[in-house]
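Residue strings, one per chain:
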Amino acid sequence: SECREWALLELQGVLEIQPSAQHLPLNAFSIGSLSRSQQEKYYFTIGYHELEGKKVSLKKPMLVLQKVLRADPIDVESSPVVLSTQYPTQVQKTSELKAIGIIRHKILFKTRPKALISK
Amino acid sequence: MGNASILELNVDSSLEVYYGETFGSEDLKLLEVDEPILQEILDRGASGEELDTKSETGGKRTASAMAAATGHLELVEVAPNFEKLKSLLSERLYGEDTDSMDVEESTSGLYTWDDLLEKLQLSEKELQEGLKSLAAVQVGGFWRLVDKKYMHCVFELILLNAMQHDWSLQGLKEKEVVSALMADGYSAQIVIHCLATYGQRVSLAFEAGIASNGSYDLDSHVWELNERHVCLHYANQLLSSASRWRVDDFVDAWQQNLPSGVQASLDMLKGKILIEKLGSDSWLYPFSVANLPSNPAERFAALFRERPRWEWEDLEPYISDLRAPGKSVDALLLKYTRRTQPTAETPPIFTAR
């Protein structure tokens, strides 16, 4: 199947872009630097904050689904598509959810960020 | 975060994390699934707003519904619902006016197998089961429900012919039955559907022990009518002729109408009639589980409206068909009824919760 495994980083907070950089496209700069020290111990450095996290397995795997609009009815036998819904619209349009990834683990950052003092 | 390198990040190394190029423009949702269902989805695909899995999982039917929380969905099992199938097929019942092989004027309200799969959130196996349970028949490529009165007519005619020609109900020759009814204008497909609904095929002509005046036609299908269906047919006739019957009168009339050799018993009417004592007489009246809601909460409400108190023996046929995911009959009783048992010798009584 086309479903590759995705990584999931769980941050308990909100990522904000500095006012000075808001005019730039989102992927013009990195969010932060992710590093791995021991087996399951990870550090995520965002700006001058460092978050410590660990890799855990999800109790239940998660599918990453992407909503896709199709114009024709689906031939269920041959289609690689996972889910479809039929909306009662004038045109026979169907909206489908396509599975594009599986997530089995996450790197969970739930501790208070540590402020890094530059040397 | 569709990048495998995060997963492959080695000890004592680091990488920069960026927003993806299409971030923000995609409509993504996360769906939590059980591992076995995940495997099915990946192997075989599924369809439906409720996610269907195309086969049975662990012996249970799974048609599942998604409940949306903010961006995070959870897969929950629900029991399949044939109400929608029934209502679609009821749009145009096959009856007196359509009993001909002529092409019908329009195909609106008529559904093929593919139409039904697309319109309903049922897997193929479930659709098959649903069609069978509704006694649907495929005529001209469309799945049809036959008007009940019409089916009873055809059945009645088969029984009359059997009595007239002295045919054994355990060994009806398809050819003979079909030609007799076709002479009266009924289509062969419907006659055979009737035989299949009220009976079953017997394997070989001579096994049915039919006396014939020569060779057996081994190509001829032979049918055995189900005794219970024959009895129910006549019972239904009596029940629709009067709103209530004194039990003894009913049993007499019933047995009298039945073909010889067929034995009727009130047990056959469980789930179709209720009996109540009025003074020294017992009276029965029609109360069919088929007319009750299939949703457990509504079913129990309807039952307790009819009778505030039920004994288990009377209640059982009216709840045995209830399906709720992961809920046994005991669990349903616990949820919707209050059980009392005055003494150890008297049977338990169920009342509304």
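Check the entry above for the structure.
As the structure is a prediction and not an experimental result, all values here were calculated from the model.

Thresholds applied
- Residues numbered from 1 in each chain as written.
- Chains lettered and ligands numbered in written order.
- Predicted model: local features only at pLDDT ≥ 70, side-chain atom pairs only at ≥ 80, totals over all residues.
- Heavy atoms only, no water.
- Helix = DSSP H or I, 4+ residues; strand = E, 2+ residues; numbered from the N terminus.
- Buried < 20%, exposed > 50% of the residue type's maximum accessible area, 1.4 Å probe, protein only.
- Contact = heavy atoms within 4.5 Å.
- Areas by Shrake-Rupley, 256 points an atom, 1.4 Å probe, with all protein chains shown as cover.
- Pairing = 2+ DSSP bridges.
- Core = buried A, V, L, I, M, F, W, Y, C linked by side-chain atoms within 4.5 Å.
- Domains from an automatic or database assignment.
- Axes fitted to C-alpha atoms, helices over the stretch in contact; angles between N-to-C directions.
- Parallel < 35°, antiparallel > 145°, perpendicular 65-115°, else oblique.
- Left-handed = near helix turned anticlockwise from the far one by under 90°.
- Arc of directions from axis to C-beta.
- Salt bridge = Lys/Arg side-chain N within 4 Å of Asp/Glu carboxyl O.
- Phe/Tyr/Trp six-rings, centres within 6.5 Å; stacked < 30°, edge-to-face > 60°.
- Lys NZ or Arg CZ within 6 Å of the ring centre and 35° of its normal.
- Nonpolar A, V, L, I, M, F, W, Y, C, P; charged D, E, K, R; others polar.

Engineer: Tell me what's going on with the overall build of chain B, and back it up with residues and numbers.
Structural biologist: Within chain B one finds 13 helices and 16 strands. A burial count over chain B gives 39% of its 353 residues as buried. Looking at chain B alone, contacts between residues at least 24 apart form 56% of all its contacts between residues at least 6 apart. For chain B, the accessible surface area stands at approximately 19700 Å², while carbon and sulfur atoms represent 49% of it.

Engineer: Describe the pairing of strand β16 (residues 349-352) of chain B, listing the residues and the values that go with them.
Structural biologist: Residues and elements named next belong to chain B. Two elements, strand β14 (residues 309-311) and β16, share three bridges in a ladder whose sense is antiparallel. Of the residues in β16, the one forming a bridge with Glu311 is Ile349. Sheet analysis places strand β15 (residues 337-340) next to β16, joined by four bridges and oriented antiparallel. Within the sheet, the bridge partner assigned to Thr337 lies in β16 and is Ala352.

Engineer: Describe the environment of Met151 of chain B, and please don't skip the residues or the numbers.
Structural biologist: All names here are of chain B. In this structure, Met151 sits in helix α6 (residues 148-165). Residue classification places Met151 among the buried residues on the basis of a relative accessible area of 7%. C-alpha of Met151 to C-alpha of Tyr94: the two residues are 57 residues apart in sequence and 9.5 Å apart in space. Sequence-distant contacts of Met151, that is, excluding residues within four places in its chain, are made with Val146, His193, Cys194, Thr197 and Tyr198.

Engineer: Tell me about the sheet that holds strand β10 (residues 222-225) of chain B, and name the residues and values.
Structural biologist: Where strands meet in a sheet, backbone hydrogen bonds hold them as pairs that are either parallel or antiparallel. Pairing is antiparallel in the open sheet, where three strands are placed in the order β8-β10-β9 (chain B). What marks the edges here is a single partner per strand, and that holds for β8 (172-173) and β9 (199-202) of chain B.

Engineer: Now, about helix α12 (residues 312-319) of chain B: what can you tell me, with residues and values included?
Structural biologist: Burial in α12 of chain B covers these residues: Leu315, Pro317, Tyr318 and Ile319 of chain B. Buried residues along α12 of chain B sit against β12 (273-278), α11 (296-306), β14, α13 (329-336) and β16 of chain B.

Engineer: I'd like a description of the nonpolar core, backed by residues and values.
Structural biologist: Considering soluble globular proteins, one finds that nonpolar side chains tend to be buried as a cluster. All names here are of chain B. With 46 residues, the main nonpolar core has Ile158, Leu172, Leu181, Leu225, Phe250 and Trp254 as its most contacted residues. Counting residues per element, the ones that place at least two in this core are β6 (137-139), α6, α7 (174-182), α8 (188-198), β10, α9 (227-241) and α10 (247-257). For this core, the element with the most residues is α6, which contributes eight residues. Counting the residues that make up this core, at least three belong to each of domain 2 (83-144) and domain 3 (148-225). Setting aside chain neighbours within four positions, we find Leu225 in contact with Phe155, Leu159, Leu169, Leu172, Leu195, Tyr198, Gly199 and Val230. Judged by nonpolar contacts, the second largest core, of 18 residues, contains Tyr285, Phe287, Leu303 and Phe350.

Engineer: Can you tell me about the packing of α6 of chain B against α9 of chain B, naming the residues and giving the values?
Structural biologist: Residues and elements named next belong to chain B. Where α6 contacts α9, the two axes come as close as 11 Å, and the packing angle between them is 115°. With respect to their mutual orientation, α6 and α9 come out roughly perpendicular. Remark: the crossing between α6 and α9 carries left-handed chirality. Note on element contacts: α9 touches α6 through His229, Val230, His233, Tyr234 and Gln237, opposite His152, Phe155, Glu156, Leu159 and Met163.

Engineer: Summarise the sheet that holds strand β13 (residues 281-286) of chain B; cite the residues concerned and give the values.
Structural biologist: Residues and elements named next belong to chain B. Sheet architecture is open: three strands sit in the order β11-β13-β12, paired in antiparallel fashion. This sheet does not close on itself; its edge strands, each paired only once, are β11 (245-246) and β12. Both β11 and β13 contribute to a ladder of two bridges, which runs antiparallel. Directly across from Trp245, in β13, lies its bridge partner Leu284.

Engineer: Break down α10 of chain B for me, with residues and values.
Structural biologist: Residue and element names in this part refer to chain B. Among the residues of α10, those classed as buried are Val247, Phe250, Ala253 and Trp254. End-on view of α10: buried residues confined to an arc of 135°, all on one side of the axis. Exposed side chains of α10 directed beyond 90 degrees from the buried face belong to Asp248, Asp252 and Gln256. Contacts made by the buried residues of α10 are with α9, β11, β12 and β13.

Engineer: Break down the pattern of salt bridges for me, with residues and values.
Structural biologist: All names here are of chain A. Under the counting rule described, the total for this entry stands at eight salt bridges over all chains. Of the charged contacts in the structure, one is a salt bridge between Glu52 and Lys41, with a shortest N-O distance of 3.8 Å. Of this pair, Glu52 sits in strand β5 (residues 49-70) while Lys41 sits in strand β4 (residues 41-46), placing them eleven residues apart in sequence. The exposure class of Glu52 is partly exposed, given its relative accessible area of 34%.

Engineer: Talk me through the packing of aromatic side chains; I want residue IDs and the actual numbers.
Structural biologist: All names here are of chain B. Under the definition given, this model contains eleven aromatic pairs over all chains. Ring geometry for Tyr94 against Tyr150: centres 6.1 Å apart, planes inclined by 65°, an arrangement best described as edge-to-face. One end of the pair, Tyr94, is in the loop between α3 (83-89) and α4 (113-119); the other, Tyr150, is in helix α6, and 56 residues separate them in sequence. Across the pair, Tyr150 and Tyr94 agree in class, each one buried. Judged by centre distance (5.6 Å) and plane angle (80°), the ring pair of Trp245 and Phe250 falls under edge-to-face. Assessed through its relative accessible area of 0%, Phe250 is described here as buried. Taken together through their ring pairs, the aromatic side chains of Tyr94, Tyr150 and Tyr186 make up a single cluster. The ring of Trp310 is capped by Arg307, whose NZ or CZ atom sits 5.4 Å from the centre of that ring.

Engineer: Go over the packing of α7 of chain B against α8 of chain B, please, and point to the residues and values.
Structural biologist: Packed helix pairs are characterised by how far apart their axes lie and by the angle those axes make with each other. Residues and elements named next belong to chain B. Where α7 meets α8, the closest approach of the two axes is 9 Å, and the angle between their N-to-C directions is 130°. As judged from the angle between their axes, α7 and α8 are oblique. Considering how the two elements wind past one another, α7 and α8 form a crossing that is right-handed. From α7, Glu174, Val177, Val178, Leu181 and Met182 reach across to α8, where they touch Ala188, Val191, Ile192 and Leu195. Of the residues in the contact of α7 with α8, the class split is eight nonpolar, no polar and one charged.

In short, geometric facts, not functional conclusions.
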